Amino acid sequence: MPVISLSSAKGGVGKTTLTTALGAAWALRGEAVHVIDADPRGHASRHLGAFGLDHLTVETATKATIVRQISAARTTADVVLVDLPGAGEDVLTFAVSRSNLVILPTGPSAMDITDATRTWEAVAAASEALDRHIQAVFMLTRVKHFRTSVASHARAQLEGAGFPVLRSELIERVAFQEMMFHNKPLAQIGGADGAAANVAAILAEIEDILASMAKAAA
Ligand SMILES: Nc1ncnc2c1ncn2[C@@H]1O[C@H](COP(=O)(O)OP(=O)(O)OP(=O)(O)O)[C@@H](O)[C@H]1O
Ligand SMILES: [Mg+2]
């Protein structure tokens, strides 16, 4: 079933936070979620493993094994999420070769966007090498709750250059950090309603994209 990779050449933009929050939210809705953690530091697998959720499985992967692992996981899971490391184009190429959708999280700064467009180019190069269209979309992360002009500038810069950008943004909230401290999904953390609603909106938008892709392929 759908394989979604999260990738950015830039570190610290929220790939692992997003993978963890989306994986838990999907699993709590009863979907069989499989998370493949391709970052040797293993944060996503360590934390999500400690969440102890039914319907959610995690494993680590290297560039030597990831293609095989994704191919196996997609036959059993309802959704496969791949958390990629902040650097390492080899593993990115292998992961995207088996992905239906690549999400490119980027912080709302000019420098972050420059780095993110390099990741886009790496995905485009992989797509060309594989002779296969790989759908990719940018996503603004680390966006302040009180709306500032920088998120709008960042969106305008990306959209102005013709890149697709998710409507939903990952908002900066302490609840996302608490999720990792407590090893609990947002739904089980007091005062995390805003973060949980943020994740639900992101999830709904991703599901819409997957549904339109499935319709287009039918
Ligand atoms: N939306 C958010 N709200 C609050 N803190 C966040 C948010 N997103 C990320 N962070 C924090 O920012 C730091 C980096 O986030 P994270 O590890 O998810 O990024 P990453 O892109 O996976 O980084 P790396 O490239 O190093 O793997 C972490 O300390 C995390 O708790
Ligand atoms: Mg990470």
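Above this text is the structure in question.
These numbers come from a predicted model, not from an experiment.

Draft legend 1. Region of the structure containing the overall build of the chain. For the chain, the count of helices and strands is eight helices and six strands. Shown N-terminal to C-terminal, the secondary structure of the chain runs as helices and strands in the order β-α-β-α-β-α-β-α-β-α-β-α-α-α. By the compact-globule yardstick of 17 Å for 218 residues, the chain fits well, its C-alpha radius of gyration being 16 Å. With respect to the three principal axes, the spread of C-alpha positions in the chain is 45 × 45 × 35 Å. Here the chain holds 218 residues, and the buried ones make up 44% of them. Considering only intrachain contacts with a sequence separation of at least 6, the fraction spanning at least 24 residues in the chain is 74%.

Draft legend 2. Main features of the packing of helix H4 (residues 89-96) against helix H5 (residues 110-130). Following both chains from N to C, one finds H4 and H5 inclined at 55°, their axes separated by 10 Å at the closest point. It follows from the interaxial angle that H4 and H5 lie oblique. Seen from above, H4 lies across H5 with right-handed handedness. Facing H4, whose interface residues are Glu89, Leu92, Thr93 and Val96, H5 presents Ala122, Val123 and Ala126.

Draft legend 3. Representation of the sheet that holds strand S1 (residues 3-6). One open sheet holds the six strands; their spatial order is S3-S2-S4-S1-S5-S6, and the pairing between them is parallel. Every other strand in the sheet has two partners, leaving strand S3 (56-60) and strand S6 (135-140) as the edge strands with one partner each. For this sheet, the mean angle separating the axes of adjacent strands, direction not counted, is 20°. Here strand S5 (residues 101-106) runs beside S6; their pairing, made up of six bridges, is parallel. Paired with Thr106 across the bridge in S6 is Leu140.

Draft legend 4. Broad picture of the site of ligand 1. In the region of ligand 1, 20 residues are neighbours, and Gly11, Gly14, Thr16, Thr17 and Gly86 sit closest. For the shell around ligand 1, the secondary-structure elements that each account for two or more residues are helix H1 (15-28) and helix H7 (174-182). Of the residues assigned to the shell around ligand 1, the class counts are six nonpolar, nine polar and five charged.

Draft legend 5. Geometry of H1. Look at H1: 20 Å from first C-alpha to last across 14 residues, which is about the 20 Å you get at 1.5 Å a residue. Among the 14 residues that make up H1, 12 are buried, leaving the element largely enclosed by the rest of the structure. All buried positions along H1 are accounted for by Lys15, Thr16, Thr17, Leu18, Thr19, Thr20, Ala21, Leu22, Gly23, Ala24, Trp26 and Ala27. Positive backbone phi, approximately 95°, marks Gly30, located one or two places after H1.

Draft legend 6. Molecular detail of the pairing of S5. The element S5 is largely enclosed, with a buried count of five among its six residues. For the crossover from S5 across H5 to S6, the handedness is right-handed.

Conventions we followed
- Residues numbered from 1 in each chain as written.
- Chains lettered and ligands numbered in written order.
- Predicted model: local features only at pLDDT ≥ 70, side-chain atom pairs only at ≥ 80, totals over all residues.
- Helix = DSSP H or I, 4+ residues; strand = E, 2+ residues; numbered from the N terminus.
- Rg over C-alpha atoms; globule rule 2.2 N^0.38 Å.
- Buried ≥ 20, exposed ≤ 12 C-beta atoms within 10 Å, placed from the backbone.
- Contact = placed C-beta atoms within 7 Å.
- Axes fitted to C-alpha atoms, helices over the stretch in contact; angles between N-to-C directions.
- Parallel < 35°, antiparallel > 145°, perpendicular 65-115°, else oblique.
- Left-handed = near helix turned anticlockwise from the far one by under 90°.
- Pairing = 2+ DSSP bridges.
- Near = placed C-beta within 6 Å.
- Nonpolar A, V, L, I, M, F, W, Y, C, P; charged D, E, K, R; others polar.
- Expected span 1.5 Å × (residues − 1).
- Right-handed = clockwise from strand over helix to strand, strands pointing away.

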